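Each chain, written out:
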Amino acid sequence: MKKLSTGSVLMLLIMLLIFLSPACLKRDGGNSADPDTSPKPLPVEEPIDQEAKPAVPKEVLPLFFKTPGPDILPPSGAWCLDFSHDSSYLAVGHSGNPFLTIYKRSGNQFTKLPDPAELPSGVVKGVAFSHDSNYLAVAHNSHPFITIYKRNGDSFLKLPDPDHLPASDGKHLAFSHDSSELAVIHSGKPCLTIYIKDGDTFTRAPNPPDLPELVRAYSGIAYSDDSEYMALSTLSRPYLAIYRKSGSNYLRVADTSITAATTATNVEISANSKYIAVASEQAPRITVYRRNGDEFYQLPTPSDIPGFTAESVAFSHDASLLAVACWGGAKPSVIIYQLDNDSFLKLPGLVDPPEGRGMDLSFSHDSAYLAVAHSYSPYLIIYKISSGQVEQVPGQERISESEPLLSSEQPLFHAPWRGTYPISQGNNNLAGSHRPGSNLAWALDIYMNVGEQVLAPADGVVIQAGYGYDVIGGSKSIRLLHTGPTGKKYITSYLHLCRCDDAIKVNLGEEVKMGQVIALSGDTGIVSAPHLHFELAEITDINDLAAIESGRNFNKQLPSIPIEQLMMRRLGIDDDFVIYNAVKGELEHSALLSENLNSYLSPFK
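So, how was this worked out
- Residues numbered from 1 in each chain as written.
- Predicted model: local features only at pLDDT ≥ 70, side-chain atom pairs only at ≥ 80, totals over all residues.
- Heavy atoms only, no water.
- Helix = DSSP H or I, 4+ residues; strand = E, 2+ residues; numbered from the N terminus.
- Contact = heavy atoms within 4.5 Å.
- Areas by Shrake-Rupley, 256 points an atom, 1.4 Å probe, with all protein chains shown as cover.
- Buried < 20%, exposed > 50% of the residue type's maximum accessible area, 1.4 Å probe, protein only.
- Pairing = 2+ DSSP bridges.
- Core = buried A, V, L, I, M, F, W, Y, C linked by side-chain atoms within 4.5 Å.
- Axes fitted to C-alpha atoms, helices over the stretch in contact; angles between N-to-C directions.
- 1 Å grid on protein atoms, 1.4 Å probe; cavity = no way out; pocket = protein on both sides within 12 Å on 5 of 7 lines; lining within 4 Å.
- Points joined across faces, edges and corners; volume = space filled by probe spheres on them.
- Nonpolar A, V, L, I, M, F, W, Y, C, P; charged D, E, K, R; others polar.
- Phe/Tyr/Trp six-rings, centres within 6.5 Å; stacked < 30°, edge-to-face > 60°.
- Lys NZ or Arg CZ within 6 Å of the ring centre and 35° of its normal.

Draft legend 1. Expanded view of the overall build of the protein chain. Counting its regular elements, the protein chain contains five helices and 37 strands. In the protein chain, the proportion of contacts linking residues at least 24 apart, taken out of those at least 6 apart, comes to 55%. Approximately 27,100 Å² of the protein chain is accessible, and the part contributed by carbon and sulfur atoms is 52%.

Shown next as structure tokens:
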């Protein structure tokens, strides 16, 4: 065998390196400078099934459920609102006497507190709680233009007016995060008044020396949660001015001319001090900047922008959501985006959106609620925020005009079966066992043959299994205990199970997961044909809950909950569980369900 010379070996190595270079390895003739267009190597450890479809990724997105609402609503169009920073109180400013309404939250309930003894003297345009939740400042359109309250328990006591009052209508206000400052926007020049808080005394402080000289007034103000930055939105150029605190002074660090140079109506800084959002009258109507030190970079504008004036913007406290209130005939009046990695995803529209103009919005600081002030009755809507895992559309960009990833009617509580089955008896059936006024009035009978799988509609615990729940002729049955997002306790019941030995797949006290097979359907008890009797009940008696927690079979019969609480989230009766009507892909009223026994509920896939 002939030996190769050193030069020949070197030449072979060079040729081998050239052959292995990316340009030669790229066989499709594409541009090697664009790595995203090159084919990606597939793993070789497992055989490739040409017929197999790739797994659809899932994404957890927030869901907004309309709460039953406060016991007493504002009496007139609401202009503004704000949650206290302990998420316990909600203040709403509105156009009619008494101009200010304050609610206290307890669980999912909002209860109106007695009006303060001294009320604002005119239409309230701005409200703000201090970050220690002890003070409430109110801006209004008549002298003294600002009213400050101190909270004492659930009472709000008016403090003496500051020595130096705003010169004209109060428009907007905000406390610094350390509660040491209160800034008020008003209509007369210089349009801004800053107060230093010392105990219960508010003393005017010098304004920043380089405030914009405006043709029109300021429109909004916001402090960062680290109390380091203050942002002003304006009705004429520069539209947004940003200041940084330096000792007792503010130094202007940035002027930003909003894309398309449009009037700014409101500004908000995220709690992590990372983002600044601006609402505007004209397109793009929402502009978001990302902070990097003292520099602010405009993020790409979402393609799904509001079609009308954006009146107000608000970040959730965890900075994952940005809500926009719109007016000028806008539908919808509230648009919500999910913010992730500097990109936006427009979320599905709210069920039962506010009517009329969206004027203002506020997230509770535990990110559990979104309150919206609007111009038409009921003037105030409060949404509970939960989350759900949904399929992501393959290839869909986060900033896009394509269909939303999540249907607004996404079920949180599935039907306990797989496939489709007709309803053999609906609710409030005069001729059947689900008679009006009975404990079974709102139950459903689902036509199922003997031996078909019954699934857990949600996570829960088995509290009864066997021949214990004999309200209908001693049928074999299972009952599950569920805890809803608001902490309420519910029981689901499954009757007439199979006579076979393996009809019950779970044991007393066992924890079950949504979609788990718990039983086989049958015809035990008093029946005219095999079917599954399915019902939901709410636990309202602490003694019942104590009996369940004792670990024994729970045999007491509870009244079934109206079918609206299963199917119609939009009614606001109860938002813990929703079952979806799959006939037309829309929710239907329970009366229609009773008449149309061929309707189907959404099954597991």
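Draft legend 2. Geometry of the pairing of strand β32 (residues 460-466). Counting buried residues in β32 gives five out of seven residues, a clear majority hidden from the surface. Here β32 runs beside strand β33 (residues 477-483); their pairing, made up of five bridges, is antiparallel. Within β33, the residue paired with Val-461 across the bridge is Leu-481.

Draft legend 3. Expanded view of the nonpolar core. Ranked by size, the top nonpolar core spans 18 residues in total, and within it Ile-478, Leu-480, Tyr-494 and Ile-518 carry the most contacts. Mapped onto this core, the elements with two or more residues apiece are β30 (444-446), β33, β36 (517-520) and β37 (532-538).

Draft legend 4. Examining the sheet that holds strand β16 (residues 240-246) more closely. Read from one edge of the open sheet, four strands run β14-β15-β16-β17, paired in antiparallel fashion. Edge positions in the sheet fall to β14 (218-223) and β17 (249-256), since each has one partner strand and no second. Strand-to-strand, the axes of this sheet are offset by a mean angle of 25°, without reference to chain direction. Two strands pair when backbone bridges link them, and β16 and β17 are joined in this way by seven bridges, in the antiparallel orientation. The residue bridging Ala-241 from the neighbouring strand is Asp-255, located in β17.

Draft legend 5. Structural view of the environment of Asp-340. Turning to its location among the elements, Asp-340 is positioned in strand β24 (residues 334-340). Given a relative accessible area of 36%, Asp-340 falls into the partly exposed group. Placed 20 residues apart in sequence, Asp-340 and Ser-320 show a C-alpha to C-alpha distance of 6.6 Å.

Draft legend 6. Quick peek at unusual backbone geometry. Of note, the amide linkage connecting Arg-237 to Pro-238 takes the cis form, showing an omega dihedral of 15°. Checked against the element boundaries, Pro-238 lands in the loop between β15 (229-234) and β16. Cis geometry is adopted by the peptide bond preceding Pro-284, which originates at Ala-283 and carries an omega value of 10°. Inspection of the secondary structure puts Pro-284 in the loop between β19 (275-280) and β20 (286-292). Backbone geometry at Phe-99 places phi at a positive 75°, although glycine is not the residue there. The class of Phe-99 is buried, set by a relative accessible area of 15%.

Draft legend 7. Spatial organisation of empty space enclosed by the protein. Applying the stated criterion across every chain yields a total of five cavities of 30 Å³ or more. The calculated volume of the largest cavity comes to roughly 600 Å³. Every residue lining the largest cavity is counted, 36 residues in all, and those nearest its centre are Asp-82, His-85, Glu-268, Ser-362 and His-365. Within the residue set of the lining of the largest cavity, elements represented by two or more residues are β2 (78-83), β6 (124-129), β10 (170-175), β14, β18 (264-269), β22 (310-315) and β26 (358-363). Residue composition of the lining of the largest cavity, grouped by class: 19 nonpolar, 13 polar and four charged.

Draft legend 8. Just the packing of aromatic side chains, in detail. Considering all chains together, one arrives at 10 aromatic pairs under this definition. Judged by centre distance (6.2 Å) and plane angle (75°), the rings of Tyr-135 and Phe-202 are edge-to-face. Here Tyr-135, found in strand β7 (residues 135-140), pairs with Phe-202, found in strand β13 (residues 201-205); they are 67 residues apart in sequence, far enough to count as distant. This pair shows no difference in class: Tyr-135 is buried, exactly as Phe-202 is. Centroid distance Tyr-494 to Phe-534: 5.6 Å. Interplanar angle 25°. Geometry classified as stacked. Within this pair, whereas Tyr-494 is found in strand β34 (residues 489-495), its partner Phe-534 is found in strand β37, the two being separated by 40 residues in sequence. For the pair shown, Tyr-494 and Phe-534 are each scored as buried. Between the NZ or CZ atom of Lys-125 and the centre of the ring of Trp-79, over which it lies, the distance is 4.3 Å. Across the ring face of Tyr-369, the terminal group of Lys-384 is positioned such that the distance to the ring centre comes to 5.5 Å.

Read these as layout, nothing more, since geometry by itself doesn't imply function.
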